[in-house]
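Coordinate analysis (summary)
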Amino acid sequence: MVPEDTYSEPIEEMRRRELVEVTIDSLAEVGFVGTTLAQIAARAGVSPGLVAHYFDDKDGLLDAAFRSLARRVGTQVRARLRLVATPRGRIQAVIDANLAPEEFDQRTGSAWLAFWGQVLHVERLKRIQSVYQRRTLSALRNSLLKLVAPDEAHSLAAMIAAMIDGVWLRAALSGWREADSESARAMLTAFVDGRLSQSARAVKAAVDASPSSPAPGQRFASINPATGEILGQFTVSGAAQVNAAVAAAVQAQTIWAAKTSAERGRILRRTADLLRLRNEELAVLESKDTGKPIQETRVVDAASGADCFEYFAGIAQGLSGEHIDLGPQAFGYTRREPLGVVAGIGAWNYPLQIACWKAAPALACGNAMIFKPAELTPFTAVKLQEILAEAGAPLGLFQVVQGFAETGRLLTAHRDIRKVSLTGEVGTGKAVMSDAARTLKNVTLELGGKSPLIIFNDANIDNAVSGALLANFYSSGQVCSNATRVFVHRSIKAAFLERLIKRVNAMRIGDPMNPETQIGALISEEHMHKVLSYIARGRSEGAQILTGGMRVTRGELAKGFFVAPTVFDNCRDDMAIVREEIFGPVMAVLEFEDEEEVIARANATEFGLAAGVFTNDLTRAHRVIARLQAGTCWINHYNVTPVELPFGGVKLSGLGRENGRAALEHYTQLKSVYVAMGNIDAPY
Ligand code: NDP
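In this report, we go over the structure that sits alongside the text. (Residues numbered from 1 in each chain as written. Predicted model: local features only at pLDDT ≥ 70, side-chain atom pairs only at ≥ 80, totals over all residues. Heavy atoms only, no water.)

1. Thoughts on the sheet that holds strand β3 (residues 323–325)
To keep things clear, this is the line we draw: A pair of strands is treated as paired once DSSP finds two or more bridges between them. The helix and strand labels rest on DSSP assignments: H or I over at least four residues marks a helix, E over at least two residues marks a strand, and numbering proceeds from the N terminus. Orientation is described by axes fitted as lines to C-alpha atoms, over the contacting stretch for helices, and by angles from 0 to 180 degrees between their N-to-C directions.
An order of β3-β4-β20 is seen for the 3 strands of this open sheet, with the pairing classed as antiparallel. Strands at the two margins of the open sheet, each flanked by one partner only, are β3 and β20 (668–676). With strand direction ignored, the average angle separating the axes of adjacent strands in the sheet is 20°. Here 9 bridges tie strand β4 (residues 330–338) to β20, and the two strands are oriented antiparallel to one another. Paired with phenylalanine 331 across the strands is valine 675, a residue of β20.

In C-alpha cells:
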C-alpha cells in the first residue's frame, strides 16, 4: 500500500486531511474534470491560496487524495494481516480489506472510478496505482507460495488481484447492483477455495502418479513354485540404482551406436550362440524359477531367445534409411537412428524369452536397454546380461534392475529413457502408458488376451484337438496368446470333445524337472488361488467340468501350486470364465452354428491379441481370419511364434509389435535430410 505521509504538525495534518476529504466529496459528486482548486476552496470554506499552500496545484491535491484512498485500504490490509497466521487466512485478509463495505459506498467508489479514469494519463497517479498493485500482488503471492507451486503462486496471485479489481469495478459500474461487499467477498472466497482444492488434488494426483523409490536395501526372495524352496534373494533397485544404471547405459549407448551395424550384428550373433551353448543351464534355471516343465524350457525359452538374437543380428546389418528423389536441384534421405536408452519390463511366464525379444531388436537398432524382470522370476534376465557382456557388448549396454512395480515405474518415469516396452496385464499397460506420457515416451505394450479358436466342421479333428491343447495347456496355460474360448461347430462338437478329453486325461502333471512332465506348477500360490476361484465361478455359473477342475496335491506336488488341466463345456459367452483372462489351464468350449455368428461372438471381447481358425476350406480360412479382430492369427495351428513374424495385439491387448521387421519401427526414429544441389533462390 501507499506509504503513509509523515507530518509532524497535527494542525497542518488535520487541515490537509480535511481538504483531501473535501476533494474526495467533490470527485464523487462532480467528477475529475469538475474538481478544481477554487471549487475545493469554496467547499472547504478556505482561500484558494491556502489550498495551494498545502498542495501546490490540482495535481498535488489529487495525488494526495488518491494516496489517501489507497492508504486506507493498505492500513486495513495490514490490520487484518496482523490478526491471522495461516497463509489461507492472509489471502482472505487481502480480499476482505480490498472488498470491505467502506469500499462499496457511493462516495468512495465514485472517487476511485474518477482516479482510475486518469491513471493512464497522469504519471503521479500511475505511480501510486502501481505501488498499490505491487503490494497487493506480493501480499497474495507470499501467502500462496506456502500453499501451491511457485509458478502457480504467481499466476494465482495475479488472478485473485484481477478478480478483486474486476468484481469491485463491475459492482461500481452497475451502481452497486451487481454485487455488494458481502457477495463480492463470498465470490472471491469461493474462487480461491476452489482453486486451492483443485491444486491440492493435482498435487496429490502427481504424488500418487510419481514413482516412489523403494526403501533402500529392501530384499525379496524368489521361490520355486513347484516345491516352495527359496531359490535366491534379490535386492530391490531403488532410484539410486536406476539412475546409476541409466547413466551407465547412456555412455554405453554412445559407444554402441558408433559401431558399424556389422560389428553390432557380430556381437548379437555371438549372443545367440552363447544362449544355445548354455541352453541346458538356462532351461534348468527357468524351470526352477517358473515351474514350467523342463521339456518345454529345453526347446522354447533360450532357443527362442537365440533365434531372436540371430534374426536381429542379420537385420542390424541391413538397417538403412531411404533415398528420396526431389528433382534435379535436390534430394532427400532418411536415417534410421536409435532412440537412445530404452527400458524393457517383463512378465513372469517367459522371463528369458521376453528379455531376449525386447533386447535383441533394441540393441540391433543401436539402443541400450535396462530391463526389469517380474519379481517372481528374477534369474534368467541376469544370465542374459552376463551372456551379452561375454559376447562383447559394451559394459552397461544391457542391464538388469530388480524389483516390483515401483522399480518399473522408476524406469517409466525416467527422463533419459526414451521408450518402454512392457509385457504384462492390461491394467499395467494402462499405468505404464499414462506414466510414460509424462515424459512423452514411446511405448510397446504386449498385454493380455482372451483369444478365440474357431473349429469348423470341415477341419481335421485330430489337428484341431492338437491346436486346442497347444492353445490352452502349454506352460500350464500361462501364455498370453492362449485361445481359451474354443468355438466348435455343433456338428463335430461331440467327436471333438471325446478326443480332446482323452488326450487331456493322458497329460502328465508333475515335477517340472522330470523330462516326462507336461504340466508343471503355476507361478505362485496367489495365482493358483486366482485360477481355482475362476474354476469355482465357472461351476457356479452353470458350466460343466469335463475334466480337471481342482488343485493337484498328490505326494510331493502338495508343496507346490499345481492345477489339473481343466475343460469346461456348456459355456455361455457371458460367463466370467469366457470373458476374463484366467491365465491358467482352463479351456472353455463353446458351440456355434454358422460363420457369421461365430465371427461376431469371437470379436465380442475387449481383447484382441490372437485368434485361430481350423478349417480345410481355403477361402473360408482367409475370409474369417480377415474379419477377426486380433493382432496375431493362425490357420490350422496355434501358438507357434517364429521370430520372423511380428507378434502383438489390437484393442486392449496392446500397442506395437515385437519380432519381425516391424519391431525396428518401434526401436528407431527417422531423421529426414534435405540436400540442396543448386543455388538458393531467397526472396530477400
Ligand atoms: P503384470 O502386469 O502384473 O507385470 C508385468 C511387469 O510389469 C512386471 O515386471 C511388474 O513388476 C511390472 N509392473 C507392474 N506394475 C507396473 C507399473 N505400474 N509400472 C511399471 N511396471 C509395472 O503381469 P504379469 O507378470 O502378471 O504377467 C501376466 C500378464 O502378462 C498376463 O496378462 C499376460 O497375458 C501378459 N502377457 C502378455 C504377453 C504378450 O506378449 N502380449 C506375453 C506374456 C504375458 P512386478 O511383477 O515386480 O510387480
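2. Focus: the sheet that holds strand β6 (residues 368–372)
Whether parallel or antiparallel, the strands of a sheet pair through hydrogen bonds between backbone atoms. Selection rule: The contact criterion used throughout is that any non-hydrogen atoms of two residues lie within 4.5 Å.
With respect to topology, 6 strands assemble into an open sheet ordered β7-β6-β5-β8-β9-β19, the strand pairing being mixed. Of all the strands in the sheet, just β7 (398–400) and β19 (654–655) have a single pairing partner and so form its edges. Of the strand pairs in this sheet, strand β5 (residues 341–345) and strand β8 (residues 417–423) are connected by 5 bridges, and their pairing is parallel. Residue pairing in the sheet places alanine 343 in a bridge with valine 420 of β8. Seen against the sheet, helix α18 (residues 426–437) touches β8, β9 (442–446) and β19 and runs at an angle of roughly 180° to β9.

3. Let's talk about the packing of aromatic side chains
The criterion, for reference: A pair of aromatic rings is counted whenever rings of Phe, Tyr or Trp (Trp by its six-membered ring) have centres within 6.5 Å, and the orientation is called stacked for planes under 30 degrees apart, edge-to-face for over 60 and tilted otherwise. Exposed residues in this analysis have more than 50% of their type's maximum accessible area, buried residues have under 20%, and partly exposed residues fall in between, with area computed by a 1.4 Å probe over protein chains only. Here, a charge over a ring is recorded when the distance from Lys NZ or Arg CZ to the ring centre is within 6 Å and its angle to the ring normal is within 35 degrees.
Applying the stated criterion across every chain, the model contains 18 aromatic pairs. On the basis of an interplanar angle of 80° and a centroid distance of 5.0 Å, the ring pair of phenylalanine 234 and phenylalanine 379 is categorised as edge-to-face. Of the two residues, phenylalanine 234 is situated in strand β2 (residues 230–235) and phenylalanine 379 in helix α16 (residues 379–391); the sequence distance between them amounts to 145 residues. Judged by its relative accessible area of 14%, phenylalanine 234 falls in the buried class. Here the guanidinium or amino end of lysine 292 rests over the ring plane of tyrosine 350, the centre of that ring lying 3.3 Å away. A cation over a ring is seen here: arginine 620 above phenylalanine 456, with NZ or CZ 4.2 Å from the ring centre.

4. Remarks on the pairing of strand β10 (residues 452–455)
Working note: regular strand, side chains alternate between the two faces of the sheet. Operational definition: Viewed with both strands pointing away, a crossover whose connecting path from the first strand over the helix to the second turns clockwise is right-handed.
Here β10 shows two buried faces, one formed by Pro452 and Ile454 and the other by Leu453 and Ile455. By the bridge criterion, 4 bridges tie β10 to strand β11 (residues 485–489) in an arrangement that is parallel. In the sheet register, isoleucine 455 faces β11, and the bridge partner there is valine 488. For the crossover from β10 across helix α19 (residues 461–470) to β11, the handedness is right-handed. Both β10 and strand β17 (residues 610–614) contribute to a ladder of 3 bridges, which runs parallel.

5. Details of the site of the ligand
Stated precisely, the cut-off is as follows: Whether a residue is near a molecule or strand depends on its heavy atoms: if one lies within 4 Å, it is near. Pairing of N or O atoms within 3.5 Å defines a polar contact, subject to two protein rules: one partner must be a possible hydrogen donor and the other a possible acceptor, and residues neighboring in sequence count only if both atoms are side-chain atoms. The Shrake-Rupley method, run with a 1.4 Å probe, gives the accessible areas here. Residue values count only the displayed protein chains as cover. Charged residues are taken to be Asp, Glu, Lys and Arg, nonpolar residues to be Ala, Val, Leu, Ile, Met, Phe, Trp, Tyr, Cys and Pro, and polar residues to be all remaining types, Gly included.
Near the ligand you find 29 residues, and of these Gly346, Glu375, Glu425, Thr428 and Glu581 are the closest. Take glutamate 425: an N or O atom from its main chain is 2.7 Å from an oxygen atom of the ligand. The contact in question runs from an oxygen atom of the ligand to an N or O atom on the side chain of glutamate 446, over 3.4 Å. For the ligand, whose accessible area on its own is 900 Å², the fraction buried by protein is 90%. Residue composition of the shell around the ligand, by class: 15 nonpolar, 8 polar and 6 charged.

6. Focus: the packing of helix α11 (residues 261–277) against α16
Just so we agree on the cut-off: The scheme is simple: roughly parallel for angles under 35 degrees, roughly antiparallel for over 145, roughly perpendicular for 65 to 115, oblique for anything else. By convention the crossing between two helices is left-handed if the near helix lies anticlockwise of the far one by an angle smaller than a right angle, and right-handed if it lies clockwise.
Closest axis-to-axis distance for the α11/α16 pair is 8 Å, and the angle between their directions is 130°. As summarised for this structure, α11 and α16 are arranged oblique, according to the angle between their axes. Here α11 runs over α16; the crossing is right-handed. Between α11 and α16, the residues in contact are Ile267, Arg270, Thr271, Leu274 and Leu275 and Leu384, Ile387, Leu388, Glu390 and Ala391, respectively. Counted by class, the contact of α11 with α16 contains 7 nonpolar, 1 polar and 2 charged residues.

7. Structural notes on the pattern of salt bridges
What counts, and what does not: Counted as salt bridges are all cases of a side-chain nitrogen of Lys or Arg within 4 Å of a carboxyl oxygen of Asp or Glu.
The tally for this structure, following the rule as stated, stands at 42 salt bridges. For the salt bridge of arginine 17 with glutamate 13, the shortest nitrogen-to-oxygen distance reads 3.2 Å. Of the two residues, arginine 17 and glutamate 13 both sit in helix α1 (residues 10–34), 4 residues apart, roughly one turn of that helix. The exposure class of glutamate 13 is buried, given its relative accessible area of 18%.

8. As for the nonpolar core
Filter applied, for reference: What makes a nonpolar core is a set of buried Ala, Val, Leu, Ile, Met, Phe, Trp, Tyr and Cys residues whose side-chain atoms join them at distances within 4.5 Å.
If you look at the biggest cluster of nonpolar residues, it comprises 73 residues, and the most contacted ones within it are Leu275, Phe309, Phe312, Met369 and Leu384. Element by element, the count of residues in this core is highest for helix α15 (residues 351–364), at 10 residues. Among residues more than four places away in sequence, those in contact with leucine 275 are Leu282, Ala302, Gly305, Ala306, Phe309, Leu352, Cys356, Leu384 and Ile387. Grouped together as the second largest cluster of nonpolar side chains are 56 residues, Ala64, Leu69, Leu81 and Ile160 included.

9. Details of the packing of helix α7 (residues 123–144) against helix α8 (residues 150–173)
At a minimum axis distance of 9 Å, the contact between α7 and α8 shows a crossing angle of 130°. As summarised for this structure, α7 and α8 are arranged oblique, according to the angle between their axes. Of the two elements, α7 crosses α8, and the hand of that crossing is right-handed. The residues of α8 that touch α7, namely those facing Tyr132, Gln133, Leu137, Leu140, Arg141 and Leu144, are Ala153, His154, Leu156, Ala157, Ala158, Ile160, Ala161 and Asp165.

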